[in-house]
Amino acid sequence: LEAFARDRAEPAGAIELAYALAATIEHRRAIEALDAYLAIYPGDPEASRMNARIERREAGVGAAASAVTRRGVTVLHARSVSGSAALAAAELIAEALDEAARLLGLPRREELAVLVHRDHAAMLEAMCGQSWTAAAYDGVLHVESELFSSTADPQVRTLVLRHETLHAALHARPRAVPYWADGGLAQNLAPGVDGPPAAALG
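All residue numbers refer to position in the chain's written sequence, counted from 1. Selection of residues for local features in this predicted model requires a pLDDT of at least 70, selection of side-chain atom pairs for listing and counting requires 80 or more, and totals for whole chains, interfaces and linings are taken over all residues. In computing side-chain properties, one takes all heavy atoms of the structure into account and sets aside hydrogens as well as water.

1. Digging into the sheet that holds strand β2 (residues 73-77)
Right, so step 1: Should DSSP find at least two bridges between two strands, the strands are regarded as paired. Counting from the N terminus, the helices are DSSP H or I runs at least four residues long and the strands are E runs at least two residues long. One open sheet accounts for five strands, arranged β1-β2-β3-β5-β4; its pairing is mixed. For this open sheet the edge positions go to β1 (66-70) and β4 (136-137), each flanked by a neighbour on one side alone.
Right, so step 2: Both β2 and strand β3 (residues 112-117) contribute to a ladder of five bridges, which runs parallel. Bridge pairing in β3 places L76 opposite L115.
Right, so step 3: Of the strands in this sheet, β2, β3 and β5 (141-144) touch helix α4 (residues 45-61), which is tilted by about 55° from β3. Residue contacts are defined here by distance: any two heavy atoms, one from each residue, within 4.5 Å place the two residues in contact. Comment: axis = line fitted to C-alpha atoms, over the contacting stretch for helices; angle = value between 0 and 180 degrees taken between N-to-C directions.

2. Digging into helix α2 (residues 11-21)
Right, so step 1: Only protein chains enter the accessibility calculation, which uses a 1.4 Å probe. A residue is then buried if its area is under 20% of the maximum for its type, exposed if over 50%, and partly exposed in between. Of the residues making up α2, those classed as buried are P11, A14, I15, L17, A18 and L21. What you see down the axis of α2 is that its buried residues fit within an arc of 160°, all on one side. What the arc measures is the spread of directions leading from the helix axis to the C-beta atoms.

3. Focus: the environment of E144
Right, so step 1: Structurally, the position occupied by E144 is in strand β5.
Right, so step 2: Exposure remark for E144: the relative accessible area of 12% places this residue in the buried category.
Right, so step 3: For the pair E144 and V61, spaced 83 residues apart in sequence, the C-alpha separation works out to 8.9 Å.
Right, so step 4: Aside from chain neighbours lying at most four places away, what touches E144 is V116, H117, D119, H120, M123 and A134.

4. Structural notes on the packing of helix α3 (residues 27-40) against α4
Right, so step 1: Two elements in contact, α3 and α4, have axes whose closest approach is 10 Å; the angle formed by their N-to-C orientations is 155°. By the criterion of interaxial angle, the relationship of α3 to α4 is roughly antiparallel. Viewed along their axes, α3 and α4 form a crossing whose handedness is left-handed. Of the residues in α4, those in contact with H27, R28, A30, I31, L34, D35, Y37 and L38 of α3 are A47, S48, M50, N51, I54, E55, R57 and E58.
Right, so step 2: Classification convention: Asp, Glu, Lys, Arg as charged; Ala, Val, Leu, Ile, Met, Phe, Trp, Tyr, Cys, Pro as nonpolar; all other residues, Gly among them, as polar. Taken together, the residues that form the contact of α3 with α4 break down as eight nonpolar, three polar and five charged. Under this scheme an angle from 65 to 115 degrees is roughly perpendicular, one under 35 degrees roughly parallel, and one over 145 degrees roughly antiparallel; angles in between are oblique. Whether a crossing is left-handed or right-handed is set by the direction in which the near helix is turned from the far one by less than a right angle, anticlockwise for left-handed and clockwise for right-handed.

5. Overview of the pattern of salt bridges
Right, so step 1: A pair is scored as a salt bridge if a Lys or Arg side-chain nitrogen falls within 4 Å of a carboxyl oxygen belonging to Asp or Glu. Here the structure, examined in full by the defined rule, presents nine salt bridges.
Right, so step 2: Notably, a salt bridge pairs R70 with E91, separated by 2.6 Å at the nearest N-O pair. Of the two residues, R70 is situated in strand β1 and E91 in helix α5 (residues 83-104); the sequence distance between them amounts to 21 residues.
Right, so step 3: As a salt-bridge pair, D98 and R108 come within 2.5 Å of each other at their nearest N and O atoms. Placement of the pair is D98 in helix α5 and R108 in the loop between α5 and β3, with a sequence separation of 10 residues.
Right, so step 4: Assessed through its relative accessible area of 26%, R108 is described here as partly exposed.
Right, so step 5: A cluster of three or more residues bridged by salt bridges with shared partners is formed by R70, R71, E91, D98 and R108.

From the geometry alone we can't say anything about function, so treat these as descriptive.
See below:
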């Protein structure tokens, strides 16, 4: 951040800042850094894809989104979700990060960004997901606002959030994890809860 502030025309600083911000809710700042980098290297396909992905994330939560933070978990939520519901989700995820660290024998992930999108379609657009996807982790945790509606099953909400939190904990740092181990460990963190099939979770 400091290097980018000193020299916005330095592409290395701009792209490093963009990668760092891509794991946060700081969409505008990430896009600003990417724009600076793409002004110098307009043909970089990865940077262009990242720029489009972050713009879709910003659109997914919609205008007037609000954020709450609890023990390193920041939830950016669509206006249809109450602040109290978002704060409860942040606490649940923070507890799941604690448990995941004990289960994995790894340091607890210190920060995690969670995006609560306007609806299912907005979430799928933001993360390029399949229609059956209930939630997913791709550097940030994506869920939909319906998960927090008055008619939503609280057990399903717990399952989804805990399952995706395990993925986030496991991939806090780059590491090669077999798919079967990744999915199996995520299921282990949310046992005995009725909800969507495992295939619906990212």
